[in-house]
Amino acid sequence: MPANPNEYDIESAFTRYDTLDWKRSYNYENGDILYIYVSGNIRKVRYKVEVVEGLVRTKDVTYNKTFWMDEQKFEQSKVWDWTRVRLVDEVDTSELSLTHLREMGLKGNIQGSMKLKGILRDYIMSFFEKDLTDGYYPDEVPETLEEGKRKSVMVNVYERNPFARKQCIDYYGVQCQVCNLDFKKTYGEVGKDFIHVHHIKPLHEIKQGYIVDPIKDLIPVCPNCHSMLHRKENGVYLSIEQLRERILKSRL
């Protein structure tokens with residue numbers, strides 16, 4: 001599926017949102033996996049997305065002008081049919097450039113949606129091995145359970161952006177930034193790439209969508225430190241620095 005960066009800034013959009021409404025140019029169905037080719041000066045396959053709503057009802061479409069580069073195209077988009085997609089993975093490699101895709105069997109240019117098959121399909125799929133949404137955990141969890149009883153807990157769910165999570169981990173690595181735990185070093189291969197990502201300013205305090213800075217707003221932490229960062233002492237959450245200092249003192 002093509003995306004023209006001269007018309008729509010898809011990279012910035014995915015930095016802010018993990019789901020986007022996209023022009024329905026094919027009979028997409030829920031669960032379909034799509035690969036987005038970014039044209040213009042980029043000319044690479046960059047994103048793997050999953051269709052979460054094949055046909056979005058007109059009343060549910062939000063016409064957000066923020067990331068549109070072409071105002072005329074934005075106005076035209078108001079009469080389109082839409083599909084809602086969820087970001088699954090993102091890569092940036094020259095191996096998925098138009099030149100390499102042609103070497104693997106692509107015919108012509110990518111000007112519309114096309115069904116992948118054979119060697120070309122397998123080649124593209126081989127670069128997308130991760131699920132950026134894997135390993136998500138809630139900011140808050142119930143602290144008590146009642147044995148023998150079923151208890152329903154109502155919680156607010158706030159958007160988490162998998163692209164921002166990936167950029168955070170790419171910058172800091174997968175080592176806990178509080179206690180220095182590295183899961184792979186401690187547990188072996190089963191711990192490879194495992195880490196939580198903590199919102200330094202809790203999402204439930206923000207209570208609205210905002211543009212995440214993956215370096216300033218997010219930080220990788222282990223589950224234990226993550227839990228402690230979400231406990232209050234005298235009505236106040238511990239900061240990263242305070243928790244780190246306590247761990248250092250405990251090791252003396």
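Structure: above.
Residues numbered from 1 in each chain as written. Predicted model: local features only at pLDDT ≥ 70, side-chain atom pairs only at ≥ 80, totals over all residues. Heavy atoms only, no water.

Student: Hey, could you run me through the sheet that holds strand β2 (residues 19-23) in this one?
Tutor: Two orientations exist for strands paired in a sheet by backbone hydrogen bonds: parallel and antiparallel. Read across the sheet, 5 strands follow the order β1-β3-β4-β5-β2 without closing on themselves; strand pairing throughout is mixed. What marks the edges here is a single partner per strand, and that holds for β1 (2-3) and β2. Pairing geometry for β2 and strand β5 (residues 82-90), over 5 bridges, is antiparallel. Note on β5: the bridge partner recorded for Leu-20 is Val-85. (Pairing = 2+ DSSP bridges. Helix = DSSP H or I, 4+ residues; strand = E, 2+ residues; numbered from the N terminus.)

Student: I keep staring at the pairing of strand β4 (residues 44-53) and nothing clicks. Help me out?
Tutor: Regular strands place their side chains on alternate faces of the sheet. Pairing between strand β3 (residues 33-38) and β4: 6 bridges, direction antiparallel. Considered in β4, the bridge of Tyr-37 is made with Val-45. Where β3 folds back on β4, the antiparallel hairpin that results is connected by 5 residues, among which Gly-40 adopts a positive phi of roughly 65°.

Student: Help me understand helix α5 (residues 162-172) in this model?
Tutor: Residues separated by three or four positions in an α-helix point in the same direction, a consequence of the helix having 3.6 residues per turn. Restricting attention to buried positions, one finds in α5 the residues Pro-162, Phe-163, Ala-164, Arg-165, Cys-168 and Ile-169. In this fold, the buried residues of α5 make contact with α1 (10-16), β5, β6 (196-199) and β7 (218-221). Directly after α5, the chain includes Gly-173, whose backbone phi takes a positive value near 90°. (Buried < 20%, exposed > 50% of the residue type's maximum accessible area, 1.4 Å probe, protein only. Contact = heavy atoms within 4.5 Å.)

Student: Which parts of the structure should I look at to understand the pattern of salt bridges?
Tutor: Close approach of charged atoms allows side chains with opposite charge to pair. By the definition in use, this model includes 16 salt bridges. With its nearest N and O atoms 2.5 Å apart, the salt bridge here joins Glu-90 to Arg-46. Of this pair, Glu-90 sits in strand β5 while Arg-46 sits in strand β4, and the two are 44 residues apart along the sequence. Accessibility expressed as a relative area gives 7% for Glu-90, which makes it buried. When the shortest N-O distance is used, the salt bridge between Glu-90 and Lys-166 registers 3.4 Å. With Glu-90 in strand β5 and Lys-166 in helix α5, this residue pair connects regions lying 76 residues apart in the sequence. Taken together, the shared-partner salt bridges connect Arg-46, Glu-90, Lys-166 and Asp-170 into one network. (Salt bridge = Lys/Arg side-chain N within 4 Å of Asp/Glu carboxyl O.)

Student: Where do I start with the nonpolar core in this structure?
Tutor: If you look at the biggest cluster of nonpolar residues, it comprises 25 residues, and the most contacted ones within it are Tyr-8, Ile-10, Phe-14, Leu-20, Ile-36, Tyr-47 and Val-49. Counting residues per element, the ones that place at least two in this core are α1, β2, β3, β4 and β5. Tyr-8 has contacts with Ala-13, Leu-20, Trp-22, Phe-67, Trp-68 and Met-69, leaving out every residue within four places of it along the chain. Within the second largest apolar cluster, 20 residues are counted, among which are Cys-179, Ile-219, Val-221 and Ile-240. (Core = buried A, V, L, I, M, F, W, Y, C linked by side-chain atoms within 4.5 Å.)

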